[in-house]
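Understanding the architecture of this molecule
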Amino acid sequence: MSIVRAQERTLGILRWIVIAVLLVVTVFPFLYMLMMSFVRIEDLLRNPLMLIPDLGSVTVETYRRVLAPLEEGGYGFGRFMANSAIVATGATLLTMLLTIPASYAVSRLRFFGRRRVSALFLAVYLFPTIIIAVPIFVGFQVLGLGGSLWGLVIAYIALTVPVSVHMLRNYFATIPESIDEAALVDGANRWQIITRITIPLAMPTIMSTALYSFMIAWNEFLFALLFLSAKQDLWTVSLGLTRLADGQEVSKTILMAGSVLLTVPIVVLYGFAERALTEGLTAGADKG
Amino acid sequence: MTATSHAAARHPPRRRTILGRENRDGLVMVGPLLVIITLVIIVPIAWTFVLSFQEARYSDIARNGLFNALTLENYLDVLTSPGFWKSLGTTVVYTAGSTIGSIVLGLVAALALRRRFPARGLVRAVMLLPYVAPVVAVAFVWEVLLNPQYGLVNAVGTRILGWEHPVDFLGTAPQALWTVILFETWRYFPFAFMFLAAALTGLPREVEEAAVVDGATPLQRFRLVVLPQLMPTIALLTLLRFVMTFNKFDDVYLLTGGAAGTQVAAVRVYDQLVGSSDIGAASANAVVLAAFLVIALLLYLRFFVRREGNPS
């Protein structure tokens with residue numbers, strides 16, 4: 001009994017230490033990023049131990065320079081953010097348009113090859129991007145889609161579709177089939193069932209799936225690097241930031257400001273969707 | 001349409017229309033997605049395979065399309081090049097280290113947050129940040145934090161902990177590889193945490209309560225009751241993380257560019273593709289990697305998966 005008590009007490013304390021350490025480890029880099037983005041590089045070099053900048057040395061000059069267009073001596077991030085937003089929104093809309101009916105069909109309808117289609121959707125989850133990157137890159141060059149945002153949108157669908165199908169299908173499976181059957185008896189067809197019943201019922205999941213697709217597309221780096229390196233006016237934020245870093249001498253505090261601009265939209269969206277997102281992604285995790 | 005007639009033969013006429021319609025609707029709904037998946041995933045994979053047998057550079061492909069002479073040379077080059085085997089070894093170390101690291105840390109986090117406490121939801125949400133944040137941004141923060149001249153870690157190390165010299169974490173072997181593994185552990189433990197926390201919530205309470213009554217210590221309860229029930233989830237996570245890390249490109253590329261003993265396979269493929277624009281070599285390299293991965297997957301399925309489960 002005393003062993004039980006002793007272990008319980010030790011683990012109880014250990015638990016709080018673990019939580020505290022994990023919190024610091026996960027949050028600190030983001031806070032550091034934020035703080036360093038408001039500092040002049042000279043101040044950082046003078047005092048690398050600085051954690052909280054003096055109010056006197058806080059500057060928003062970093063953000064002004066990062067966002068201003070090239071012609072005004074800035075780094076053009078306003079443009080890059082617009083590009084990222086266009087690509088991510090386009091990929092998300094197309095993904096939802098394609099995956100909602102497909103997920104519905106896979107979770108509900110008996111059609112020829114259903115099990116094989118279902119297995120395929122799972123298999124594409126594991127397809128390595130670096131392997132499809134080579135031919136997509138080459139193929140799009142040949143087709144003339146290489147240096148365009150459209151090419152990127154299409155390529156991003158390959159990344160967003162597997163996880164979207166997974167999340168939507170899991171959710172659709174939880175909507176009782178009897179609702180569909182009742183609607184069928186009342187004379188509705190499948191498309192009416194999807195648009196009038198399934199989509200409204202699944203709206204929270206659809207929103208979080210869409211947000212997740214948006215995140216994937218917004219965060220993506222490899223395809224942007226392969227497709228758009230040569231076209232500076234089409235760079236996404238991720239690409240712009242890395243080009244900024246290895247091109248010219250750009251101070252790290254300016255890079256931190258760019259990183260904050262890249263991260264903030266994602267954190268805001270994630271704040272709205274966190275719950276639904278975790279639930280959607282991990283649905284069925286306990287079933288193994 | 002053979003399916004419709006096939007179904008019709010087995011079912012009485014009245015059900016034929018319902019099944020027929022369902023079949024048609026199903027195919028129509030799945031069709032567009034299948035076309036897209038074929039175009040952006042299946043065709044590219046097949047094409048990679050074809051390209052890997054060609055002496056292909058951009059100019060050749062622009063001129064001849066698919067029809068270049070076939071050769072085994074790329075494979076010979078890949079398999080006889082010491083760089084390939086070295087990068088494969090690096091990839092395995094990197095993948096195994098990151099997979100184990102992220103799952104262990106994720107498990108620790110899931111256990112620590114298992115019992116309710118005020119603000120647990122907030123803590124959990126915050127802990128997922130490394131996973132959802134853009135890789136480019138987090139890679140830069142780590143670079144700044146670890147920088148030998150002005151990085152906070154080295155400042156703390158030399159001024160407070162008494163290190164003799166600042167450490168170039170990302171620029172020298174062997175610590176570059178360890179740093180990259182640590183980064184990957186940090187970035188993906190939330191993923192494991194998410195799944196394991198969900199699995200923990202799904203566990204039936206009775207068994208554990210019975211163990212408490214029997215006087216089992218907390219550690220015994222974990223080892224004998226909780227952990228075995230988590231094994232399917234852990235196995236699945238291992239599979240997912242292993243495959244995804246094995247092919248990972250951006251993390252290592254952004255942190256080290258593949259220098260200082262961190263040239264993992266995906267970075268090597270990229271270097272061949274962009275650096276020497278040798279598409280054939282890059283493709284052959286990618287195919288060989290995929291082959292290794294498929295073999296590993298088959299072994300995994302053969303030994304660890306008892307029934308056809310849903311790898312969610």
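This structure is a prediction, so every number in the text was calculated from the model and none was measured. The written sequence of each chain sets the order in which its residues are numbered from 1. Chains and ligands are labelled by the order in which they are written, letters from A for the one and numbers from 1 for the other. Two thresholds apply to this predicted model, a pLDDT of at least 70 for residue-level local features and 80 or more for giving and counting side-chain atom pairs, whereas whole-chain, interface and lining totals are computed over all residues. Only hydrogens and water are set aside when side-chain values are computed; all heavy atoms of the structure are taken into account.

What about the side chain of A:T209?
Residue and element names in this part refer to chain A. Going by this rule: For the purposes of this entry, the term helix denotes a DSSP run of H or I that reaches at least four residues, the term strand denotes a run of E that reaches at least two, and both are numbered from the N terminus. Only protein chains enter the accessibility calculation, which uses a 1.4 Å probe; a residue is then buried when its area is under 20% of its type maximum, exposed when over 50%, and partly exposed in between. The criterion used for residue contact is that any of the two residues' heavy atoms lie within 4.5 Å.
Here T209 is to be found in helix α10 (residues 203-219). Classification of T209 as buried rests on a relative accessible area of 1%. What T209 contacts, discounting residues up to four positions off in sequence, is M96, S164, M167 and L168.

Some words on helix α12 (residues 218-246) of chain B
Rule in force here: Given the number of residues in a helix, its expected span is that number minus one, multiplied by 1.5 Å. To obtain the bend at a residue, axes are fitted to the seven residues ending there and to the seven starting there, and the angle between these axes is taken.
The end-to-end C-alpha separation of α12(B) is 36 Å, well short of the 42 Å expected for 29 residues at 1.5 Å each. Of all bends in α12(B), the biggest is about 50°, found at B:L227, and the proline B:P228 comes one to four residues later.

Points about the packing of helix α7 (residues 149-172) of chain A against α10(A)
Residues and elements named next belong to chain A. The line we're drawing: For helices, the fitted axis covers only the stretch in contact; all axes are lines through C-alpha atoms, and the angles between them, taken along N-to-C directions, range from 0 to 180 degrees. Just so you know how the angles are binned, under 35 degrees is roughly parallel, over 145 roughly antiparallel, 65 to 115 roughly perpendicular, and the rest oblique. Here a crossing is taken to be left-handed if its near helix is turned anticlockwise relative to the far helix by less than a right angle, and right-handed if that turn runs clockwise. As a working rule, the residues Ala, Val, Leu, Ile, Met, Phe, Trp, Tyr, Cys and Pro are called nonpolar, Asp, Glu, Lys and Arg charged, and the rest polar, with Gly in that last group.
At a closest axis distance of 9 Å, the pairing of α7 and α10 adopts a crossing angle of 160°. By the angle between their directions, the pair α7 and α10 is classed as roughly antiparallel. The way α7 lies across α10 gives a crossing that is right-handed. Residues Y156, L159, T160, V163, S164, M167, L168 and Y171 of α7 lie in contact with α10, whose contacting residues are T205, I206, S208, T209, Y212, S213, I216 and A217. Grouping the constituent residues of the contact of α7 with α10 by class yields 10 nonpolar, 6 polar and no charged.

Some remarks on the domain arrangement of chain A
Residue and element names in this part refer to chain A. The condition is simple: For the domains described, the bounds stem from an automatic or database domain assignment. Accessible-area loss on putting two parts together, using a 1.4 Å probe and summing over both, is the definition of buried area adopted here. Salt bridge, as used here: a side-chain nitrogen of Lys or Arg that lies within 4 Å of a carboxyl oxygen of Asp or Glu. Residues adjacent in sequence count toward polar contacts only when both atoms are side-chain atoms; beyond that, a polar contact is any pair of N or O atoms within 3.5 Å, and within protein one must be able to donate a hydrogen and the other to accept it.
Split by domain assignment, chain A resolves into domain 1 (2-67) and domain 2 (77-282). The distance between the C-alpha centroids of domain 1 and domain 2 comes to 31 Å. Contacts between the two partners involve 14 residues from domain 1, matched on the other side by 14 residues from domain 2. Taking both partners together, domain 1 and domain 2 bury about 1200 Å²; carbon and sulfur atoms supply 84% of that area. Sorting the residues of domain 1 by area buried against domain 2 places M33, V66 and L67 first, and these three jointly supply 47% of that buried surface. Remark: the boundary between domain 1 and domain 2 carries 0 salt bridges. Where domain 1 meets domain 2, there are 1 residue pair in polar contact (both at pLDDT 80 or more). Of all the elements in the fold, those that place two or more residues in the side of domain 1 that touches domain 2 are α1 (2-36), α2 (41-46) and α3 (61-67). The biggest single contributor to the side of domain 1 that touches domain 2 is α3, with 5 residues.

With respect to the packing of aromatic side chains
Rules: Between rings of Phe, Tyr and Trp, where Trp is taken as its six-membered ring, a pair exists when centres lie within 6.5 Å; planes separated by under 30 degrees are stacked, by over 60 edge-to-face, and by other angles tilted. Placement of a charge over a ring requires the Lys NZ or Arg CZ to be within 6 Å of the ring centre, with the centre-to-atom vector within 35 degrees of the ring normal.
Evaluated as defined, the whole model comprises 25 aromatic pairs over all chains. An angle of 80° between the planes, with centres 5.4 Å apart, marks the rings of B:F49 and B:F53 as edge-to-face. The class of B:F49 is partly exposed, set by a relative accessible area of 45%. Seen from their ring centres, B:Y131 and B:Y188 are 6.0 Å apart, and the 65° between their planes marks the pair as edge-to-face. Here B:Y131 is found in helix α7 (residues 129-132), whereas its partner B:Y188 is found in helix α10 (residues 175-202), with 57 residues between them in sequence. According to the relative accessible area criterion, B:Y131 is buried, its value standing at 14%. Through a chain of ring-to-ring contacts, three or more aromatic side chains come together here, namely A:F30, B:W142, B:F183 and B:W186. The cationic tip of A:R15 hangs over the ring face of A:W16; the distance from NZ or CZ to the ring centre is 4.9 Å. Here the basic side chain of B:R241 rests over the ring of B:F191, its NZ or CZ set 5.2 Å away from the ring centre.

Describing the UniProt feature "transmembrane region" (unreviewed entry) in chain B
Where we set the bar: UniProt positions are given in the numbering used here, feature names are shortened, and annotations may be inferred rather than shown by experiment.
Taking the numbering used here, the UniProt-annotated feature "transmembrane region" (unreviewed entry) corresponds to residues 26-50, 92-113, 125-145, 186-203, 224-244 and 279-301 of chain B. In residues 92-113 of chain B, helix accounts for 95% and strand for 0%; the two terminal C-alpha atoms are 31 Å from one another.

Comments concerning the environment of B:T38
Residue and element names in this part refer to chain B. Within the fold, T38 resides in helix α2 (residues 13-51). For the pair T38 and L107, spaced 69 residues apart in sequence, the C-alpha to C-alpha distance is 37 Å. Residues contacting T38, with those up to four places away along its chain left out, are V43 and P44.

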